[in-house]
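What follows is each chain in one-letter form.
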Amino acid sequence: MRRKDREMDKNFAFTIIDKCEYGFLSSINSDSTPYCVPISIVREENTIYFHCAHDGKKTDNMRQNPKVCLSFVGDTNIPPEKFTTEYESAVISGIATEILEDSEKTRALKLLCLKQTPSNMHNFTQAIEQSLKRTAVWIIEITEVTGKRKKYDQNGKEMKFGRME
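Remember, predicted model here, so these are calculated numbers, not experimental data.

**What to know about the pairing of strand β7 (residues 86-99)**
For β7, the buried fraction is high: 10 of the 14 residues fall into the buried class. With 13 bridges joining them, β7 and strand β8 (residues 136-150) adopt antiparallel strand pairing. Bridge assignment links G94 to a residue of β8, and that residue is I142.

**Focus: the nonpolar core**
Of all hydrophobic cores here, the largest spans 26 residues; its most connected members are I17, L25, F50 and I140. For this core, the secondary structure elements donating two or more residues are α1 (10-19), β3 (34-40), β5 (47-52), β6 (67-77), β7 and β8. In this structure, I17 is in contact with I41, R43, I48, F72, A90, I92, K115 and V145, ignoring residues within four places of it in sequence. L109, F124, I128 and I139 belong to the second largest nonpolar core, which has 11 residues in total.

**Thoughts on the pairing of strand β2 (residues 22-28)**
Here β2 shows a clear split, with G23, L25 and S27 buried on one side and none of Y22, F24, S26 and I28 buried on the other. Relative to β3, β2 runs antiparallel, the two sharing seven bridges. Paired with S27 across the strands is Y35, a residue of β3. Hairpin connection, β2 to β3: the antiparallel pair is bridged by five residues, and S32 has positive phi, about 70°.

Procedures and definitions
- Residues numbered from 1 in each chain as written.
- Predicted model: local features only at pLDDT ≥ 70, side-chain atom pairs only at ≥ 80, totals over all residues.
- Heavy atoms only, no water.
- Buried < 20%, exposed > 50% of the residue type's maximum accessible area, 1.4 Å probe, protein only.
- Helix = DSSP H or I, 4+ residues; strand = E, 2+ residues; numbered from the N terminus.
- Pairing = 2+ DSSP bridges.
- Core = buried A, V, L, I, M, F, W, Y, C linked by side-chain atoms within 4.5 Å.
- Contact = heavy atoms within 4.5 Å.

Have a look at this one:
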């Protein structure tokens, strides 16, 4: 990270990841071309879960090269008196693996639904019965996580070196 003065700790990065509705997944295809796509995620400890179709560019890339990167942007603000943007972000690197066992897929999908649609959990069992076979579920084991922030305190001074309000 170039701007070490804006680096935040791992817990800050996980807070950003947990509050985001989606992140941007980057993968590499067989001819080393990068590919990036937004995905809905849920984090549990040092892992990220997401679902997708069984086939497509994203899944082809991860099956050929399981190394991936995810980026997340939390709160942003453009202070009207400055030519800058306040932001908070997190980036993870990890290894993606497709989950093949139905019970683990169901568990991961339940975690995802509890995060994204908690008020609709009464329909979860029926939805799983209808769509589990056509849904791919992936896990990313996090190998590296970084958090970064640019934010000003109430006096207009930038809070550096992980300083909180």
